[in-house]
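Report on the structure
Below are the chains, spelled out letter by letter.
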Amino acid sequence: MYKLKTNIIKINNPIENNLQVEEAAALLRSNEVVAFPTETVYGLGANARSDEAVKKIFEAKGRPSDNPLIIHIANMEMIEELAEHVPDKARKLMDAFWPGPLTLIFPKKEGLSQAATPGLDTVAVRMPDHVLALALIEAAGLPIAAPSANLSGKPSPTTAQHVEKDLNGRIRCIVDGGETGVGVESTVVDCTSDIPVILRPGGVTKEEIERVIGSVSEDPALHNATDIPKSPGMKYTHYAPNAPFVLVDGSKELIQQLVNEKRRNGYQVGVLTTKENEGYYDADMVVACGKRQVLETVAANLYDALRTFNEGKVDFIYGEMFPNNGIGSAIMNRLLKAAGNSVHRENIE
Ligand code: TXA
Ligand code: MG
């Protein structure tokens, strides 16, 4: 079914490579999907005004059709077409963090593709902090609907090669702008109530948001796996490596002990760790996802690390945990999803 020729366009500098930017923008204008880098992860973009274009995103990713998309804009004027109303607190957040890894949810204006916001009267909008993404959206002259450019359920892509691995033959074009920076997706904040609600932790931390608009709440589902999340996408399994993945709430000695037990039973075992502990473990595959002392490096490398396990042959993966604040909240949110909430605790057999 998927026999598209996937063209990879390398763009180092959108000003010098403006012909290539125009080539990708023309595909967007003709309702094709184009993968492109943002500062968080690669997005899979399409014309947000067109059902035909947006449906191609869902098809290429194998994404459940009830999961709404974030609409990407390149300038403040574009918000007028999307949001019925921009509350004061949202305005303050836009001033403080746009362009940047923050998605805001507004009451929706008519005119957008229904497929992008299935059954909702709200719309999620963000302005990415990436010169290439901004140049592409500007050149297309359209609001661009874009989820992360991975196959549904897989870790989000932070390089064009990750996108190619998942979507080669399924989309017409990948714009390769090198590695993304932040590495985890944007923070999603619902601004339709008086006290804004964080639906998904991400690149902008709760602490940073509260410094600008005072206290915000969090979707209870973020802390209680049995609640139904308000952000439809948060209910799906995500980010999972191919082998079963278990987080370990305990020491590295405990992790090594768990590894040893599995290996005694003939299994190949991987460990997801950090630079600081990398040398400690004796396992079949040890992958460091960054420096624990600098959690931003963990965020930046997390998805690549999770994908690395799929290149080796492991039957089980154990992973270290991280502090659940600052950017650590986004890291732990993604790790818990990757593990399907499976956590081994020191005092529990
Ligand atoms: O950093 C990012 O946000 C990346 C890049 C490409 O911009 N995009 C991204 O999109 O992560 P996606 O589709 O993988 O995640 C969007 C999340 C999903 O959990 C979705 O359910 C939620 O945002 N969402 C979108 N529109 C919503 C709405 N109107 N109400 C509630 N949640 C919404
Ligand atoms: Mg995603």
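Shown above is the structure to which this text applies.
This one's a predicted model, so the numbers in the text were calculated from it and none came from an experiment. (Residues numbered from 1 in each chain as written. Chains lettered and ligands numbered in written order. Predicted model: local features only at pLDDT ≥ 70, side-chain atom pairs only at ≥ 80, totals over all residues. Heavy atoms only, no water.)

Where helix α1 (residues 18–29) contacts helix α5 (residues 131–140), the two axes come as close as 8 Å, and the packing angle between them is 55°. Accordingly, the angle class assigned to the pair α1 and α5 is oblique. α1 and α5 meet at a crossing whose hand is right-handed. Contacts between α1 and α5 involve Val 21, Glu 22, Ala 24, Ala 25, Leu 28 and Arg 29 from the former and Leu 132, Ala 135, Leu 136, Ala 139 and Ala 140 from the latter. Of the residues contributing to the contact of α1 with α5, the split by class is nine nonpolar, no polar and two charged. (Axes fitted to C-alpha atoms, helices over the stretch in contact; angles between N-to-C directions. Helix = DSSP H or I, 4+ residues; strand = E, 2+ residues; numbered from the N terminus. Parallel < 35°, antiparallel > 145°, perpendicular 65-115°, else oblique. Left-handed = near helix turned anticlockwise from the far one by under 90°. Contact = heavy atoms within 4.5 Å. Nonpolar A, V, L, I, M, F, W, Y, C, P; charged D, E, K, R; others polar.)

What follows is about the environment of Thr 273. Among the structural elements, Thr 273 can be located in strand β13 (residues 269–273). Along the chain, Thr 273 and Leu 254 lie 19 residues apart, while their C-alpha atoms are 13 Å from each other. Every residue in contact with Thr 273, bar those within four places of it in the chain, is listed here: Glu 278, Tyr 281, Val 286, Val 287, Ala 288, Cys 289 and Glu 320. Of the polar contacts made by the side chain of Thr 273, one reaches the side chain of Glu 320; its length is 2.6 Å. (Polar contact = N/O pair within 3.5 Å; in protein donor to acceptor, adjacent residues only side chain to side chain.)

A separate point is the packing of aromatic side chains. Aromatic ring pairs: the centre-centre distance and the angle between the two ring planes describe each pair. Inspection of every chain in the model, using the stated rule, returns three aromatic pairs. Pairing Tyr 239 with Tyr 303 gives two aromatic rings, centres 5.2 Å apart and planes at 15°, and the pair type is stacked. You can see Tyr 239 sitting in the loop between β11 (217–218) and β12 (245–249) and its partner Tyr 303 sitting in helix α9 (residues 295–308), a full 64 residues away along the chain. Accessibility classification places Tyr 239 together with Tyr 303 in one group, the buried group. Note on Tyr 267 and Phe 316: the rings are 5.2 Å apart at their centroids and 80° apart in plane angle, and the pair reads as edge-to-face. Pair noted here: Tyr 267 is in the loop between α8 (252–264) and β13 and Phe 316 is in strand β15 (residues 316–320), with a separation of 49 residues, a long-range link. The ring of Tyr 280 has Lys 252 sitting right over it, with the charged end atom 5.2 Å from the ring centre. Its guanidinium or amino end placed over the ring of Phe 316, Lys 262 lies 4.3 Å from that ring's centre, counting from NZ or CZ. (Phe/Tyr/Trp six-rings, centres within 6.5 Å; stacked < 30°, edge-to-face > 60°. Buried < 20%, exposed > 50% of the residue type's maximum accessible area, 1.4 Å probe, protein only. Lys NZ or Arg CZ within 6 Å of the ring centre and 35° of its normal.)

A separate point is unusual backbone geometry. Geometrically, the link from Trp 98 to Pro 99 is a cis peptide bond, its omega value of -10° lying close to zero. When you line up the elements, Pro 99 lands in the loop between α4 (88–97) and β5 (102–107). In this structure, Asn 31 takes a positive phi of about 65° despite not being glycine. Unlike most non-glycine residues, Asn 341 shows phi in positive territory, near 65°. Tracing the backbone shows Asn 341 in the loop between α10 (327–338) and β16 (343–345). By relative accessible area, which is 48% here, Asn 341 ends up partly exposed.

Further remarks concern the site of ligand 1. The immediate surroundings of ligand 1 are formed by 28 residues, with Thr 40, Asn 67, His 72, Ser 186 and Gly 233 found nearest. With respect to ligand 1, the side chain of Thr 40 contributes an N or O atom lying 2.7 Å from an oxygen atom. Between ligand 1 and Asn 67, the relevant distance is 2.7 Å, taken from an oxygen atom to a side-chain nitrogen or oxygen of the residue. Compared with its free state, where it exposes 680 Å², ligand 1 has 97% of that area covered by protein. When contributions to the shell around ligand 1 are tallied by element, the ones reaching two or more residues are β4 (70–72), β6 (122–126) and β10 (197–200). A per-element tally of the shell around ligand 1 places β6 first, with three residues. Looking at the shell around ligand 1 residue by residue, the class counts come to 14 nonpolar, nine polar and five charged. (Near = heavy atom within 4 Å. Areas by Shrake-Rupley, 256 points an atom, 1.4 Å probe, with all protein chains shown as cover.)

Now for the pattern of salt bridges. Across all of its chains, the model carries 15 salt bridges by this definition. Among the ionic pairs, Arg 126 bridges to Glu 39, the shortest N-O distance being 2.8 Å. Of this pair, Arg 126 sits in strand β6 while Glu 39 sits in the loop between β2 (34–36) and β3 (43–47); the two residues are 87 residues apart in sequence, bridging distant segments of the chain. With respect to burial, Arg 126 and Glu 39 carry one shared label: buried. Taking the shortest distance from any N to any O, the salt bridge between Arg 292 and Glu 320 comes out at 2.9 Å. Of the two residues, Arg 292 sits in the loop between β14 (285–288) and α9 while Glu 320 sits in strand β15, which places them 28 residues apart along the sequence. Judged by its relative accessible area of 27%, Arg 292 is partly exposed. For Glu 320, a relative accessible area of 5% translates into the label buried. (Salt bridge = Lys/Arg side-chain N within 4 Å of Asp/Glu carboxyl O.)

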